[in-house]
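Given next are the chains, with one letter for each unit.
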Amino acid sequence: MRHDHDADGEHTSSRRAFIRTSSVGMTAALVATSGAGAALAAPVSPVQEARAAGRPLAVTPACDGHETPAATEGPLFKPQSPERTDFITPAIRGVRLELSGIVYDTACKPLSGSLIEFWQCDQNGDYDTAGFSLRGHQYTNSRGAFRLSTIIPRDYWGRWGQRAPHIHTQVQAPGGPVLVTQLYFPDNTQAYGRDFATLNAADRLLNRACTIALAGPKDGGYTGAFDFVIQTTAK
């Protein structure tokens, strides 16, 4: 069933409490003691990969100390999502997206142990409201990096008209305020036979500053990058 989801100003009251005490130290210890060299290697962003290969890539702002713009949460956020970095299941058949990036503070310092929550609709424009398909949370590693295997969502019709494809996100440094935002896709994205330029232009909620930088398509999918800049203390 297709669901409306972007009512402006409508927020759920049951947000996950982000209490980080000894678990931050435990996570750091696990990262430090993991034996696999690949696990310790600094993540290479799709931006770096594309530039090294000479591939064109949409421009995404570097960290300039300005906080990532906020956006409406919508009514379909669900607390207690599973902790995972891979949303791909047998039921998910959309255009693949490997998304990665860094979470920074406003001084452009990478923030380890930050909570990132993602939720989105599927290849048909539907949200899973009964379970947790295409929903999950994770924590940034010791370098402030995250990585998510997912798909490019479909556009759909809601109470605000036709919404361009987007991914809902919450980002929070340990003990800091929650940034709620939405990530969008470049006009030249190719997925589901849709005209992303037209969809983006018609979406009243879209913020171009929250556009994912994409490389591809290659082998039927994209790699993407987006870096968040967030507050670590309440304003």
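Residues numbered from 1 in each chain as written. Predicted model: local features only at pLDDT ≥ 70, side-chain atom pairs only at ≥ 80, totals over all residues. Heavy atoms only, no water.

## Digging into the pattern of salt bridges
Then step 1. Taken as a whole and assessed by the stated rule, the structure comprises 5 salt bridges.
Then step 2. With its nearest N and O atoms 3.1 Å apart, the salt bridge here joins D155 to R154.
Then step 3. R194 is the partner of D155 in a salt bridge, and the nearest nitrogen-oxygen pair spans 2.9 Å. Taken together, the residues D155 in the loop between β4 (145-151) and β5 (156-158) and R194 in the loop between β8 (178-183) and α4 (196-202) connect sequence positions 39 residues apart.
Then step 4. According to the relative accessible area criterion, R194 is partly exposed, its value standing at 27%.
Then step 5. Each member of the salt-bridge network shares a partner with another, and the members are R154, D155 and R194. (Salt bridge = Lys/Arg side-chain N within 4 Å of Asp/Glu carboxyl O. Helix = DSSP H or I, 4+ residues; strand = E, 2+ residues; numbered from the N terminus. Buried < 20%, exposed > 50% of the residue type's maximum accessible area, 1.4 Å probe, protein only.)

## Considerations on the confidence of the model for the chain
Then step 1. Chain-level statistics for the chain give a pLDDT mean of 81 and a share of 73% at 70 or above.
Then step 2. Counting interchain partners and residues more than four positions distant, the pLDDT-below-50 stretch residues 19-48 has 29 contacts.
Then step 3. Below a pLDDT of 50 lies the segment residues 54-59, which in the model reaches 13 contacts outside its immediate sequence neighbourhood of four places, other chains included. (pLDDT = per-residue confidence, 0-100. Contact = heavy atoms within 4.5 Å.)

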